[in-house]
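Tertiary structure, described
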Amino acid sequence: MKWNEVLIVSLKTTSHQSKKEIIEFGIGEFSIKDRRLTEKMSVFVKPQVSKLTDFCSNMTGVTASDLSDAVSFFDLYEFVSTNFDSKNLPWVSYGNFAETVLKRQCADNSLDFLMSERFLNLRHFFSFLNNSEEMNIQNTLAEMGVCAGGSSCEDEIYNCAIIMKKMLCLQR
């Protein structure tokens with residue numbers, strides 16, 4: 001298991017109660033040594049079963065036109081596992097939503113889990129280190145004196161990288 005890099009994952013899903021499907025997937029690579037984000041990207045993913053409702057579009061900012069040229073979940077799976085070494089690198093997300101949805105969507109498609117089993121819930125970890133209540137990402141950044149920007153998956157990856165950098169600097 002490599003520990004010099006950590007993947008950061010963010011995703012958005014359809015809002016269907018019983019069958020949430022990924023509609024935007026963001027991933028970034030964070031260098032522990034350099035304490036910086038070295039790569040980030042997001043891609044729109046076409047849902048297989050669920051429909052993008054107006055409610056979902058308003059909540060996520062993802063529109064039907066965004067999904068018109070979206071990749072399939074299988075294409076996303078292949079791209080991420082090939083280009084990000086996702087089954088070997090540890091990974092983080094702000095909360096456990098990404099882990100839960102990814103595990104279910106992989107299982108529903110008869111695929112091995114896309115990520116390694118080395119997962120860190122950044123929201124829990126920040127709360128633990130600061131002996132504080134869990135907060136949403138905007139409040140966590142505000143507590144650190146940083147203004148949160150944007151709501152896309154790439155924005156959340158960047159914001160998670162800021163939190164990781166600040167937490168790593170505290171450990172010196």
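The structure we're discussing is the one just above.
Calculation criteria
Residues numbered from 1 in each chain as written. Predicted model: local features only at pLDDT ≥ 70, side-chain atom pairs only at ≥ 80, totals over all residues. Heavy atoms only, no water. 1 Å grid on protein atoms, 1.4 Å probe; cavity = no way out; pocket = protein on both sides within 12 Å on 5 of 7 lines; lining within 4 Å. Points joined across faces, edges and corners; volume = space filled by probe spheres on them. Helix = DSSP H or I, 4+ residues; strand = E, 2+ residues; numbered from the N terminus. Buried < 20%, exposed > 50% of the residue type's maximum accessible area, 1.4 Å probe, protein only. Contact = heavy atoms within 4.5 Å. Pairing = 2+ DSSP bridges. Expected span 1.5 Å × (residues − 1).

Once that is clear, we can look at the layout of surface pockets. Computed from the structure, the largest pocket encloses a volume of approximately 650 Å³. If you go around the largest pocket, you meet 27 residues; those closest to its centre are Leu11, Lys12, Met59, Phe97 and Glu156. Every element with two or more residues in the lining of the largest pocket is listed here: β1 (5-13), α1 (54-60), α4 (97-108), α6 (137-143) and α7 (153-170).

The next point concerns the environment of Ala161. Position of Ala161 relative to the elements: it lies in helix α7. Looking at Ala161, the relative accessible area reads 8%, which means it is buried. The sequence separation of Ala161 and Val92 amounts to 69 residues, and the corresponding C-alpha distance is 9.8 Å. When residues no more than four places from it in sequence are discounted, the contact partners of Ala161 are Ile8, Phe30 and Leu37.

Time to look at the pairing of strand β3 (residues 36-44). Sheet analysis places strand β2 (residues 22-31) next to β3, joined by eight bridges and oriented antiparallel. Bridged to Ser31 within β3 is Arg36. Hairpin connection, β2 to β3: the antiparallel pair is bridged by four residues, and Arg35 has positive phi, about 55 degrees.

The end-to-end C-alpha distance of α4 is 16 Å, a good match for the 16 Å that 12 residues give at a rise of 1.5 Å each. For α4, the set of buried residues is Ala98, Glu99, Val101, Leu102, Gln105 and Cys106. Buried residues belonging to α4 abut β1, β2, α3 (73-83), β4 (91-93) and β5 (119-121). Two residues or fewer past α4, Ser110 is found with a positive phi of approximately 55 degrees.

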